[in-house]
Amino acid sequence: MTRAILTLNAGSSSLKLGLFDEALTPLATAHVDRLGAPEGSLKLKDADGVAMPVPHLGPDDFATHTLALRSALGAFRTDMPELEIIAIGHRIVHGGTDHAEPEKVTDVLMDHLERLNPFAPLHQPHNLAGVRAAIEAFPGVPNVACFDTAFHRGHPFVDDTYALPRHYYEKGVRRYGFHGLSYTYIDGVLAAEEPALRAGRVVIAHLGSGASICAVHDGQSIACTMGFSTLSGLPMGTRAGELDAGVVVYLMDQEKMNAEDITDLLFRRSGLIGMSGVSNDMRTLEASKNPHAKEAIDYFCHRVKREVASLAAAMGGMDALVFCGGVGENSSHVRAAVCEGLDWAGITLDETANLAHAREISTGRVAVRVIPTNEEVVIAQAAKGALHL
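Residues numbered from 1 in each chain as written. Predicted model: local features only at pLDDT ≥ 70, side-chain atom pairs only at ≥ 80, totals over all residues. Heavy atoms only, no water.

1. As for the sheet that holds strand β8 (residues 143–147)
Okay, so step 1: Overall, mixed pairing links the eight strands, which are arranged β5-β4-β3-β2-β1-β6-β8-β7 in an open sheet. The open sheet terminates on both sides in strands that have one partner only, identified here as β5 (51–52) and β7 (103–104).
Okay, so step 2: Pairing geometry for strand β6 (residues 83–92) and β8, over five bridges, is parallel. Within β8, the position partnered with R91 by the bridge is C146.
Okay, so step 3: Of the strands in this sheet, β1 (2–10), β2 (14–20), β3 (26–33), β4 (41–46), β5 and β6 are in contact with helix α1 (residues 65–79), which crosses β2 at around 35°. (Pairing = 2+ DSSP bridges. Helix = DSSP H or I, 4+ residues; strand = E, 2+ residues; numbered from the N terminus. Contact = heavy atoms within 4.5 Å. Axes fitted to C-alpha atoms, helices over the stretch in contact; angles between N-to-C directions.)

Have a look at this one:
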């Protein structure tokens, strides 16, 4: 019998799964893409990241989150016929103001999380659909919700509010911050391996298709570039990032765009893909000879550099800068461009170490680290905790 903890990250058209044993050692991962579409597909990888054979599946096998979950688990059982799921952890984008720790899923919690759908309409409903699919597939197995906003719940008021009439703040229009599971993992790595550094002022740059930066002082989130939504802050693969609200008013007034049009523009057709017209993938942009691709990269790095300095100011200085996420971990060019010109802040890079993607890539006063993040193991740890409640 293979007793396993399952992690789920459910999106609108995708479903990511991870399997861990009781010691939190990875067993396998699965990724369902284009969920609900005729071209839906499944990819499996073993514990070493090597592709595993996938049984023949048809479009109907990926029509819903429930069917996609069953299909992926059925594929897992090809190699692990006695697989037993003992706990399930879920990434939930929004926990609102009240959820600062992982929580066991109950009907009351689900009702509360559904009321947060308007705060994250592109993510929250699909996250909750994944929870329902797991409950249906594994009745009686504990499910745990892990919130991407939880890490930031201790923000100072000045980093939690907007300069709007106070009643909007009371209604929940405030800076929540996201990517909290990634920041939790990086903070845990520093606590275990470099506790003196972790006790100081750390700026963590989670740079990927979605991107944000967080200021962390002695394990406490001080400020984050993302705010009310996952749209704000840095430019991302398809998202605009920082934007004057007057632009939205202009689009509504002059371009006659409605909320749906603006959402599509700012979340899906902006960022790197919008600026470059080439791709939302940093690897493709770095390989491209299109001048617009270079301009998109330059803008991305410029905004990252500005936000690093801003977050350092929020803490009164900086002792460490950590790069994580797909771009942060794998693009030596982005890391070098971000750090260039920050010698005044104590940041200088070891060029050879940076090109080699070494963990320690700095020569200056501020420690610069490259640490691969792992949100799934944070979720698995929380789910494991439910077994002992």
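Now that the structure is up, let's keep going.
2. Notes on the packing of α1 against helix α3 (residues 124–137)
The description of two packed helices rests on the angle between their axes and on the distance between the axes.
Okay, so step 1: Running from N to C, α1 and α3 cross one another at 55°; their axes reach a closest spacing of 8 Å. With respect to α3, the axis of α1 lies oblique. The interaxial crossing formed by α1 with α3 has right-handed handedness. Taking contact as the criterion, the partners of H65, T66, L69 and R70 in α1 are, on α3, H126, A129, G130, A133, A134, E136 and A137. (Parallel < 35°, antiparallel > 145°, perpendicular 65-115°, else oblique. Left-handed = near helix turned anticlockwise from the far one by under 90°.)

3. Comments concerning helix α15 (residues 375–386)
Okay, so step 1: In this model α15 runs 17 Å from its N-terminal to its C-terminal C-alpha over 12 residues, within 8% of the 16 Å that 1.5 Å per residue would give.
Okay, so step 2: Of the positions making up α15, those classed as buried are E375, V377, V378, I379, A380, A382, A383 and A386.
Okay, so step 3: Residue N374 occupies the N-cap position of α15, its side-chain oxygen lying 3.3 Å from the main-chain nitrogen of E376. (Expected span 1.5 Å × (residues − 1). Buried < 20%, exposed > 50% of the residue type's maximum accessible area, 1.4 Å probe, protein only. Polar contact = N/O pair within 3.5 Å; in protein donor to acceptor, adjacent residues only side chain to side chain.)

4. Thoughts on the layout of surface pockets
Okay, so step 1: Approximately 1000 Å³ is the volume found for the second largest pocket.
Okay, so step 2: Along its surface, the second largest pocket is lined by 37 residues, and Y162, F228, S229, L231 and S232 are the ones closest to its centre.
Okay, so step 3: Of all elements in the fold, only β11 (220–224), α7 (245–253), α8 (259–268) and α11 (291–315) reach the threshold of two or more residues within the lining of the second largest pocket.
Okay, so step 4: With six residues, α11 is the largest single contributor of residues to the lining of the second largest pocket. (1 Å grid on protein atoms, 1.4 Å probe; cavity = no way out; pocket = protein on both sides within 12 Å on 5 of 7 lines; lining within 4 Å. Points joined across faces, edges and corners; volume = space filled by probe spheres on them.)

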